[in-house]
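Chain by chain, the residues:
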Amino acid sequence: MSQSTNPTTQFQTDANRVTADVDRRSFLRSSLRGYQTTRDATQERFLNYESARIAAGDAKWEAIENLDVYLAQFADKLEARGATVHWCSDSAEARDAILDIIKKHDAKSVIKSKCMTTEEIHLNDLLEKEGFEVVESDLGEFIVQLRDEAPYHFVFPAMHLKKEEINTLFQEKLKSINTDDPEELTMVAREVLRQKYLSADIGISGANFGVAETGMISITENEGNARLTTSLPKVHIALMGIEKIIPRLEDLALMLPMLATAGTGQHLTCYNSQLGGPRQDDESDGPVEMHVVLLDNHRTRLLADPEQRDALRCIRCGACLNVCPIFKNVGGHTYGTTYQGPIGSVITPHLRGLKDWKHLSHSSSLCGACSETCPVKIDLHHHLLRNRRDAAGKGQGGLAERTLMLGFTIVMRRPWLYRLTGRLGKLGHVLTKPIHGTRIDPFYAWKKTRDLDDPAKQSFKQYWKSRK
Amino acid sequence: MSRDAILGRIREALSVKTDAHVREVAKQSSHSLPVLANGPDGRTQAVKEFLPFVGESLEDHIAAFNVLSDKLQTEFIVVPTIDSARQTLDQLRQKHQWERVGIHDHELVQSCVDQLPVEFLNTSSNYDAHELEKCDVGISGCDALIAQTASALVTNHSAGGRALSVLPPHHVVVADASQMVTTMADGFAMIREKHHEKWPSFISFITGPSRTADIERVLVLGAHGPKKLTIIMISE
Amino acid sequence: MVNVLERLGHEVDYPEGQTCCGQPAFNSGYFPEAKKVADHFLDTFADADMVAVPSGSCTAMIRKFYPELYQDSPQAKVVSELSGRVFEFTELLVNQLGVTDVGAKLKGTATYHDGCHGLRELGIQDAPRKLLENVEGLSLVEMDEAQSCCGFGGTFAIKFPQISTAMTQVKLGSATQTEADYLISGDPSCLMQIGGYFSRQKSSIQCLHIAEVLDQQ
Ligand code: SF4
């Protein structure tokens, strides 16, 4: 994922490499099949999962369509309880805000719980450059951090790695014992990280939801690392995108089970915590300061799109990745984005520019498995189509494609021409026989891996005539 | 200020109404479905009518809690009286060789542990986190038990702060039967009633012992938090 | 398809002016171009009582996407009426005409591939299976990946041949596991993709359109 090549080329190259790796692909597929089985069983328990999706989707619509009101309410409530809210228009502002807090406290070490938004603003790079020790505490994140890699999947960051690879990594970086038992490996990480929680000055977390009514953030996790991160260090910083808002506390009673079911197939993840403010007068522990850093970073640009603001309702469960045939075959790193899979392909062009990222909208068969599974019913695959429309509208498809489409229109509107093209096609097929299979064959991209039937001797139209 | 700038951009963006077609999609379904009214009541009700059904009576709830606890590997023990809770705790002490126990000022907790022959650390006022880390177990109360999800709902008031229930390797919750409710929404309602306008800064649904499956999807308990979770419910 | 419908006693006409529904342009993002082709479709089929389409994908284009394409246009009404009369072949038979047994015969084992558009845009899942279950001599085995995309996706198959082919490879693996003789589908484009790859891989599985199967006597 080097920064120098353009994203489209990088995508094609990485896709070539990963699709050729049959072993890794089947490893991914079998682990996602496991997910699907558990999730199906959990969905079965619902009295009515479809209706639950609609209701959950509604809660997010309400939040997004009244975002100004709810966001202001959220911030006011939080501040009333002693937290500080920082409003940041872009990555740079958010990085500065966080760096300021850390410097003000004369901190040395930072412990982080899983937060994709910090990936979005490249926080770790900055903090390390400034000389701070930054430790990711989520096991998957911890592993990819040791490998100096981006997360592979925004819910399962290390899903691409086999236990043997993690064993090698731990031996090398942590001088740990030689074991490829997942339990022992987990315990190695546990021991290393325990000490970090106790000594870290600053804890940084994300937020899955921001409750407007009560001014709380809600964090969903399984490991307990986020709870430790937000309990022990004396300062807690939470970074969240402005779209994470939900109107009321009770909405969580629906959103949290939906997030778990769609995300991991659990009926509820292990810890779902709501944090509103630093340690209060009558409380015995918790951070003395709580900072909530709100990030826009072009989310308002997406909000301004009356069709695709839909995508701001995303609760980042990752389900659309898990069912996506593209993701399963190219893997997470190929995307080159913070958010992989269908949702990443929809929003990245808005957050980072359509011109450079439109290929993600084209690298889809529009099969719709994502929209079918999304717990809040985002119209994902149709948004990919809308991105294609917008790219074509801006003439980004290139001259050749435009000409082809023009030709297509002309032919398809004129039945005689359509017939003629059919015949010419047959003629062409015969004439090009000598070059079939070569690079100059017009169907090269197809035929490299697939056969193409010879055109029928008789078109249906001719057959129809002969029948009469 | 940035606040005004961002809120201004949001308002401007929202001045164009959402495309009707897209808005419809989120409501459509290939099946014909009951859809509840929008708004707070609609959604609280949704929790009851769409999410898993766990019965109405206490027996139903206990049964449901039990089934899920098994799956989660939560140790769920129903005992008749405070006295039997004391005995259960003492058995656990022997079994797991507890020497140091984290507790807090909580009526039910205090009366259950008063005879345990161990060293106590009380987290209800300033305490040292390093000391808590050395405890073998943290014993806390809770606000509610949620039948639908087999969760213990805690706040820093009912559970002795934020860390007692997550730092030691074993977490024991003591509760009584009157705390069993059906849904998470019911749990929130209880906290709402108890704390009204002064919310605790920490609320959490604890659903099973800490876990991870980050390595090849193999389930491992005790990733960072407790490896064991025991919930003792006193039924009388 | 024509044979089957006529056997069931329906009058079938094939308007010779017909060409394409416009989906190739639409899916590439060229909406105005697609609309021009769609105009031609509307002209050709405006008078039909019912339009039978041997492809879930083309049906989806007309029924689901035309209304979006014509959202703010004067033809919106015509479009919404026509799109209510357009049916994919199997849903026409089973849901509209109430036929599940067309009296076809074919010996062997078959597995069914759900075309994505038919399955997810139109919700067609049971109809083809009911029809196939009633084909004499044919037994139906489900494959794990029945509902996974075959990898075609129009221009996607050309723009990203490596991903497209990888997807078909998964399909082949899953179909092979069922030990079926035939892979049957309701979408010619899926069959072109799957058939093309299977034949390149020298798979013995024969790929058939469901209309061909139902026509076997
Ligand atoms: S788009 Fe939907 S399925 Fe995908 S991550 Fe977001 S909420 Fe989950």
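**A word on the site of the ligand**
Here's step 1: The full set close to the ligand counts 13 residues, and Cys314(A), Cys317(A), Gly318(A), Cys320(A) and Cys374(A) are the nearest of them.
Here's step 2: Of the residues belonging to the shell around the ligand, the class tally is 11 nonpolar, 1 polar and 1 charged.

**Section: the confidence of the model for chain C**
Here's step 1: With 100% of its residues at a pLDDT of 70 or more, chain C has an overall mean of 92.
Here's step 2: For this predicted complex, the interface confidence comes out at an ipTM of 0.95, alongside a pTM of 0.93.

**Some words on the nonpolar core**
Here's step 1: Within the largest apolar cluster, 197 residues are counted, with the highest numbers of intra-cluster contacts made by Phe170(A) and Tyr66(C).
Here's step 2: Element by element, the count of residues in this core is highest for helix α12 (residues 252-263) of chain A, at 8 residues.
Here's step 3: Not counting the four nearest positions on each side in its chain, Phe170(A) is found in contact with Phe142(A), Ile143(A), Leu146(A), Lys175(A), Ser176(A), Leu185(A), Val188(A) and Ala189(A).
Here's step 4: With 28 residues, the next largest nonpolar core counts Leu93(C), Ala110(C), Leu131(C) and Val213(C) among its residues.

**Observations concerning the domain arrangement of chain C**
Residue and element names in this part refer to chain C.
Here's step 1: According to the domain assignment, chain C consists of domain 1 (2-94) and domain 2 (100-214).
Here's step 2: The distance between the C-alpha centroids of domain 1 and domain 2 comes to 23 Å.
Here's step 3: Listed per partner, the contact involves 21 residues of domain 1 and 19 residues of domain 2.
Here's step 4: Here domain 1 and domain 2 share 1 salt bridge between them.
Here's step 5: The salt bridge involving Glu121 is made with Lys64; its shortest N-O contact spans 3.5 Å.
Here's step 6: Linking domain 1 to domain 2 there are 8 residue pairs in polar contact (both at pLDDT 80 or more).
Here's step 7: Breaking the side of domain 1 that touches domain 2 down by element, the ones donating at least two residues are α1 (2-7), α2 (23-27), α4 (56-69) and α6 (89-96).
Here's step 8: A per-class count over the side of domain 1 that touches domain 2 returns 8 nonpolar, 8 polar and 5 charged.

**A few points about the interface of chain C and chain A**
Here's step 1: Contacts between the two partners involve 55 residues from chain C and, on the opposite side, 57 residues from chain A.
Here's step 2: Counting across the chain C and chain A interface gives 4 salt bridges.
Here's step 3: In this structure, the salt-bridge partner of Glu372(A) is Arg120(C), at a minimum N-O distance of 3.0 Å.
Here's step 4: Summed over the shared surface of chain C and chain A, the result is 22 residue pairs in polar contact (both at pLDDT 80 or more).
Here's step 5: For the side of chain C that touches chain A, the secondary structure elements donating two or more residues are α1, α2, α3 (31-45), α4, α7 (116-121), α9 (156-159), α10 (161-177) and α11 (188-200) of chain C.
Here's step 6: Element by element, the count of residues in the side of chain C that touches chain A is highest for α10(C), at 9 residues.
Here's step 7: When grouped by side-chain class, the residues that make up the side of chain C that touches chain A number 25 nonpolar, 18 polar and 12 charged.

**Examining the environment of His122(A)**
Residues and elements named next belong to chain A.
Here's step 1: Summarising the element assignment, His122 is placed in the loop between α6 (116-120) and α7 (123-129).
Here's step 2: We classify His122 as partly exposed; its relative accessible area is 47%.
Here's step 3: Residues His122 and Ser91 lie 31 residues apart in sequence; the distance between their C-alpha atoms is 8.1 Å.

**Some details on helix α4 (residues 58-72) of chain B**
Residues and elements named next belong to chain B.
Here's step 1: Between its first and last C-alpha atoms α4 spans 21 Å; for 15 residues at 1.5 Å apiece the expected length is 21 Å, and the two agree.
Here's step 2: All buried positions along α4 are accounted for by His61, Ile62, Ala64, Phe65, Leu68, Ser69 and Leu72. When α4 is viewed along its axis, its buried side chains cluster within an angular range of 165° and face the same direction. Those residues of α4 that are exposed and aimed more than 90 degrees away from the buried face are Glu59, Val67, Asp70 and Lys71.
Here's step 3: Looking one or two residues past α4, Gln73 carries a phi angle of roughly 65°, positive in sign.

**Some thoughts on the sheet that holds strand β2 (residues 100-103) of chain B**
Residues and elements named next belong to chain B.
Here's step 1: The sheet built from 6 strands is open, its strands ordered β1-β12-β7-β4-β2-β3 with parallel pairing. One side of each edge strand has no neighbouring strand; the edge strands of this open sheet are β1 (75-79) and β3 (119-122). Across the sheet, the mean angle separating the axes of adjacent strands is 20° when strand polarity is ignored.
Here's step 2: In terms of strand pairing, strand β7 (residues 170-176) meets strand β12 (residues 228-234) through 7 bridges, oriented parallel. Across the sheet, the residue bridging to His171 is Leu229, located in β12.
Here's step 3: Each of β1 and β12 touches α4; the most contacted strand, β1, lies at about 150° to it.

**Points about the pattern of salt bridges**
Here's step 1: Within the structure shown, the criterion is met by 45 salt bridges over all chains.
Here's step 2: Glu136(A) is the salt-bridge partner of Lys112(A), the closest N and O atoms lying 2.8 Å from each other. Separated by 24 residues along the polypeptide, Lys112(A) in strand β2 (residues 109-112) and Glu136(A) in strand β3 (residues 133-136) bring together distant segments of the chain.
Here's step 3: By sharing partners, the salt bridges in this structure join Glu307(A), Asp379(A), Arg386(A), Arg389(A), Asp390(A) and Glu68(C) into a single network.

Each value, and the rule that gives it
- Residues numbered from 1 in each chain as written.
- Chains lettered and ligands numbered in written order.
- Predicted model: local features only at pLDDT ≥ 70, side-chain atom pairs only at ≥ 80, totals over all residues.
- Heavy atoms only, no water.
- Near = heavy atom within 4 Å.
- Nonpolar A, V, L, I, M, F, W, Y, C, P; charged D, E, K, R; others polar.
- pLDDT = per-residue confidence, 0-100.
- Core = buried A, V, L, I, M, F, W, Y, C linked by side-chain atoms within 4.5 Å.
- Buried < 20%, exposed > 50% of the residue type's maximum accessible area, 1.4 Å probe, protein only.
- Helix = DSSP H or I, 4+ residues; strand = E, 2+ residues; numbered from the N terminus.
- Contact = heavy atoms within 4.5 Å.
- Domains from an automatic or database assignment.
- Salt bridge = Lys/Arg side-chain N within 4 Å of Asp/Glu carboxyl O.
- Polar contact = N/O pair within 3.5 Å; in protein donor to acceptor, adjacent residues only side chain to side chain.
- Expected span 1.5 Å × (residues − 1).
- Arc of directions from axis to C-beta.
- Pairing = 2+ DSSP bridges.
- Axes fitted to C-alpha atoms, helices over the stretch in contact; angles between N-to-C directions.

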